[in-house]
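Report on the structure
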Amino acid sequence: MSTPQQSSATPGGKSGLPWKRILVKAGIAAAGAGVCGAVLLGLALALAWPSLPDLHAMTDYRPRVPLRIYTADKVLIGEYGEEHRNVLRFDEIPAVMRQAVLAAEDDRFYSHGGVDWMGVARAVLTNVVKGSKSQGGSTITMQVARNFYLSSEKTYSRKFYELLLTFKIENELSKDQILELYMNQIYLGHRAYGFAAASRTYLGKPLSEVTPAEAAMLAGIPKAPSRFNPITNFPRAEIRQHYVLGRMKTLGYLTPEQADEALKQHLTIRGADGTSARGFAVHGDYPAELARQLMYGVFQEDTYSKGIDVYTTIDSKAQEAAYRAVRDGVLDYTRRAVYPGPEDQIDLPDGVESDPQALDEVLDGVQDKAPDSEDLLAAVVLSASPTEVKLARSGRDIITISDKKALAVVARALNPKASDSQRIRRGSVVYIHKTGDKDGDSWEIINMPALQAALVSMAPQDGAIRAMIGGFDYNRGTFNRVTQAWRQPGSNIKPFVYAAALERGFTPATQISDQPFMLTAAQTGSKDWQPKNDGNKYEPMLTLRQGLYRSKNMVSIRILQAISPQYAQDYLTRFGFDKSRWPAVLPLALGAGGATPLQVVNGYSVFANGGYRVTPYLVDHVTDRSGKVLMQAQPVKAGDEAARAIDPRTAWVMDDILRGVATSGTAARAHQVLKRNDVGGKTGTTNEAVDVWFSGFTPALATTVWMGFDQPKSLGTNEFGSGLALSTWLDFMQPVLKGVPDAKQAPRPDGLLVENGEYYFSEFPPGQAVASLDLSSGDALTDFLNNNRSTDGVDTSVKPLPAPGAALAPSNPNSAVQAPLMPIPPPRADNTPAAGSPAAGSPAAGSPAAGSPAAGSPAAGAPAFNLDGNGVSASAVTTTAPVAARPL
């Protein structure tokens, strides 16, 4: 009997069928799910695709482009707007920059269809292996879609729209167009959008000039702009740069030799170690801000988004020379002054310098309290003795100062017996400055200067401002001392008083007493007044010419009294000075009034250009980004008789006298240093050296320098306009005039007579002009006030004239014409001077309230770019002269 075979059948007796049925059902379910998914995807596409935005924003790319301010020679000095951006065409972007971006972000960009599935798979695998999201799969096209149209929220619906939009972009735009959009639109930190703006922000150069090392540094930023930009975190940016260079070598964009060379290149990053974070090659902050204010008065909020380009009258080389001259002059004074002590004192744990990371953490807050100022760098003292000071800029940047000359500046503060507030010791926060000498670079400790300065230089022929520095450091306060600081000019005002005297019968040869005198309280109606000459040195008699050469106070006061303070007060207005700020009293002869540096330089321009009052202006023309001219300045020029301010003979004689001041007078150092015969100028020092000035000119350039403290106080008994201010003026003029030939003196005007080497007006010839002004043997006040005699004994006492200019030729010299001036908006909060600053509460007389419409504003007529001595004026003068600028 046979035994039945054992069966492997499942219950039910049918071998394997249940598994087959399960597989069949699973297949059917999967197919059903696939069909449903396809239907759902089709529905989603049908619903979502029509709702995708069109690509008009890409095909007609018009980003928010900021206001840009340029010098006359087209160097960028200012940019204002929420987004700093330079839009370039694809062919304007250097190949090395495109290659660096592809290596860093999407090396398969030209081969995929918008989504790099291989890259996505690689990123997923890497993230799974590392257990974190260390890589992403976004392509350049996906980033463009996200940047133009989508938010940054992380949801499935947004990701879905991103994919759809990516495919649409790839379908409608070429690869080159997509890459161009990406490289112009991407945000790269510090308000820089696009690689062209980033190159200027971080490297201070146009994108066309970047090296492979610099391109790799910029290309590494998009991964994390806040963390990988070289200003915020250079070490991390450098690590990312090395990765990008490695990828460029792997992809064949760089040879091994080129990659190695790029790795060795030292990068100079703007905004790091005291360099300007604004990213401009020229320090034009003050004129750029003034131009911004002028533009805001015309375009309002559109100023910052419509791509307006403003071309100023500033010369880039002159502007940079002015910045360096002011900077050096202020630092020179600061070295001579007593060191006041450290900026701050922090707790520095023992031995912390042996741990760079721990030291960096301690130093993190130092920059907040003591920020760098260009080449003045904040550092913390690790150890200090009279012979050596060790300081830390960071955990890896330790500096030792042992030079005796450098330490002598702070010797008192290194004395162990110095007061706590003055002593330099471990934990002291100080400023250091790199100096250069024959032995190479070295460092010095110097305090942040309290002294301020202003320098303004303009073309006397038309008023174009060539350079403007309104203070030591714009980043520490935007208060512009050129246009806003009202200070006493001291002896800088004397040439204008002397010019008035020439038109009242005086000559350069007039003899004037230099003897001291005193007016009693009864005579002045106030208190005793006993003016003095510098050094209490007096002469019996000096000529008018000698009196100005040597800046003699007694001579100046006697001249003023003779012509009358009222006449001089009116006469000053011909040069642009504000009458209300110059009381008609005898101290006017010594500069006891108020003027801005801009007013002073404008006044000296009248002597330089033959007697014409031109209006200072800053903006030459304005264009849109396509180059269309929106506005064009039409300045009044010297030679236009409608702008004549003084008799041409007065201007010629004063130019001659002031050239003598710069040759053999108080400003003789100007001739000694410049070795030129076409320079005129005058020093100025107020009582107790509160303000020091120097104003000088050639026929082509007039420049004024002022130095003093914002809160007026003495600079010291050894400071004079002939020292500090003249030195700064020379430091500016030397490079600016280098290679410029001497200008010949203008021909002597008609109506000017010559006898014994001196000049006389034809209506005041020898024998009729005022020959002398001196003291009699009596003691009466009248002898001082009006003792004038001619060479032949005829009474030539100065007689009052009906009005200033009555003795002039009938050219109406009072008609100093100005075109309508543009109003200025209220300053931003960071532009407002501190209470008690020189300009606080000192608007131009007669100006409307800030922001109010005025004649000459866009609402009342054509805007202009003129400045007057009070800054940017909101006043207007009715005139038939050409409008200074007009919207087209």
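Residues numbered from 1 in each chain as written. Predicted model: local features only at pLDDT ≥ 70, side-chain atom pairs only at ≥ 80, totals over all residues. Heavy atoms only, no water.

Inspection of every chain in the model, using the stated rule, returns 18 aromatic pairs. A ring pair is formed by F496 and F577, whose centres lie 5.1 Å apart and whose planes are at 75 degrees; its orientation type is edge-to-face. Placement of F496 in helix α20 (residues 494-502) and of F577 in the loop between α24 (565-572) and α25 (597-608) is noted, with a sequence separation of 81 residues between them. Judged on exposure class, the residue F496 and its partner F577 are both buried. Aromatic side chains Y604 and F607 sit 6.2 Å apart centroid to centroid with 85 degrees between the ring planes, which places their arrangement in the edge-to-face category. You can see Y604 and its partner F607 sitting in helix α25, 3 residues apart, about one turn around the helix. (Phe/Tyr/Trp six-rings, centres within 6.5 Å; stacked < 30°, edge-to-face > 60°. Helix = DSSP H or I, 4+ residues; strand = E, 2+ residues; numbered from the N terminus. Buried < 20%, exposed > 50% of the residue type's maximum accessible area, 1.4 Å probe, protein only.)

Strand order in the open sheet formed by 5 strands is β2-β1-β5-β16-β17, and the pairing between neighbours is mixed. Two strands lie at the open edges of the sheet, namely β2 (76-80) and β17 (629-632), each paired on one side alone. Going from strand to strand, the sheet's axes swing by 15 degrees on average, the running direction of each strand aside. Bridging between strand β1 (residues 67-70) and β2 involves 4 bridges; their strand directions are antiparallel. (Pairing = 2+ DSSP bridges. Axes fitted to C-alpha atoms, helices over the stretch in contact; angles between N-to-C directions.)

By the criterion of burial, α20 is predominantly enclosed, with 9 of the 9 residues buried. Along α20, the positions that sit buried rather than exposed are K494, P495, F496, V497, Y498, A499, A500, A501 and L502.

Right, let's get into the sheet that holds strand β20 (residues 701-708). With respect to topology, 5 strands assemble into an open sheet ordered β13-β12-β20-β19-β18, the strand pairing being antiparallel. Across the chains shown, the open sheet's two edge strands, defined by having one partner strand only, are β13 (465-469) and β18 (680-685). Neighbour-to-neighbour, the strand axes of the sheet open up by a mean angle of 5 degrees, direction not taken into account. As paired strands, β18 and strand β19 (residues 691-698) are joined by 6 bridges and run antiparallel to one another. In the sheet register, T685 faces β19, and the bridge partner there is V692. Packed onto the sheet, α25 meets β12 (452-458), β13, β18, β19 and β20 and runs at close to 35 degrees relative to β19. Docked against the sheet, helix α26 (residues 648-664) engages β18 and β19, running at close to 65 degrees with respect to β18. (Contact = heavy atoms within 4.5 Å.)

Turning to the packing of helix α3 (residues 95-105) against helix α11 (residues 234-250), a few remarks are in order. Contact pair α3 / α11: the axes reach a minimum separation of 9 Å and the direction vectors enclose 100 degrees. For the element pair α3 / α11, the angle class is roughly perpendicular. Residues V96, Q99, A100, A103, A104 and E105 of α3 form the contact with α11, whose participating residues are R240, V244, R247 and M248. Residues of the contact of α3 with α11, tallied by class, amount to 6 nonpolar, 1 polar and 3 charged. (Parallel < 35°, antiparallel > 145°, perpendicular 65-115°, else oblique. Nonpolar A, V, L, I, M, F, W, Y, C, P; charged D, E, K, R; others polar.)

With that settled, the discussion passes to the pattern of salt bridges. Proximity of charged atoms lets side chains of opposite charge pair with each other. Counted under the stated rule, the structure contains 35 salt bridges. Between K175 and E170 there is a salt bridge, with the nearest N and O atoms lying 2.9 Å from each other. Of the two residues, K175 and E170, neither departs from the other in class, the shared state being buried. The salt bridge involving R335 is made with D332; its shortest N-O contact spans 2.8 Å. Separated by 3 residues within a single helix, R335 and D332 lie in helix α14 (residues 316-336), roughly one turn from each other. R335 sits in the partly exposed class, given a relative accessible area of 24%. Within this structure, R324, R327, D328 and D375 form a network of salt bridges that share partners. (Salt bridge = Lys/Arg side-chain N within 4 Å of Asp/Glu carboxyl O.)

Here we take up the pairing of β2. Consecutive side chains along a regular strand alternate between the two faces of the sheet. Burial analysis of β2 places 5 of its 5 residues in the buried class, the great majority of the element. Here β1 folds back onto β2 in antiparallel fashion, the turn holding 5 residues, of which K74 has a positive phi close to 65 degrees.

Contact geometry for α20 and α25: axes closest at 10 Å, N-to-C directions at 40 degrees. What the angle tells us is that α20 and α25 run oblique. Note that α20 runs across α25; the crossing there is left-handed. Where α20 abuts α25, its residues P495, F496 and A499 lie against V600, G603, Y604 and F607. Classifying every residue of the contact of α20 with α25 gives 6 nonpolar, 1 polar and no charged. (Left-handed = near helix turned anticlockwise from the far one by under 90°.)

Now for unusual backbone geometry. Most peptide bonds adopt trans geometry, and most residues besides glycine take a negative phi value. Backbone geometry at N536 places phi at a positive 55 degrees, although glycine is not the residue there. Along the chain, N536 turns up in the loop between α21 (521-524) and β15 (541-543). Classification of N536 by relative accessible area gives partly exposed; the value is 46%.

So, on to the confidence of the model for the protein chain. Per-residue pLDDT for the protein chain has a mean of 79; in total, 74% of the residues score no lower than 70. Counted against residues more than four places away or in other chains, residues 1-14, with its pLDDT under 50, gives 2 contacts. Here residues 272-277 is a poorly scored stretch, pLDDT under 50, and it has 18 contacts once near neighbours within four places are set aside; other chains count. (pLDDT = per-residue confidence, 0-100.)

Another aspect to go through is the pairing of β1. Taking every second residue as pointing to the same face, both faces of β1 are buried, with L67 and I69 on one and R68 and Y70 on the other. Pairing of β1 with strand β5 (residues 309-312) involves 3 bridges; the strand directions are parallel. Across the sheet, the residue bridging to I69 is V310, located in β5.

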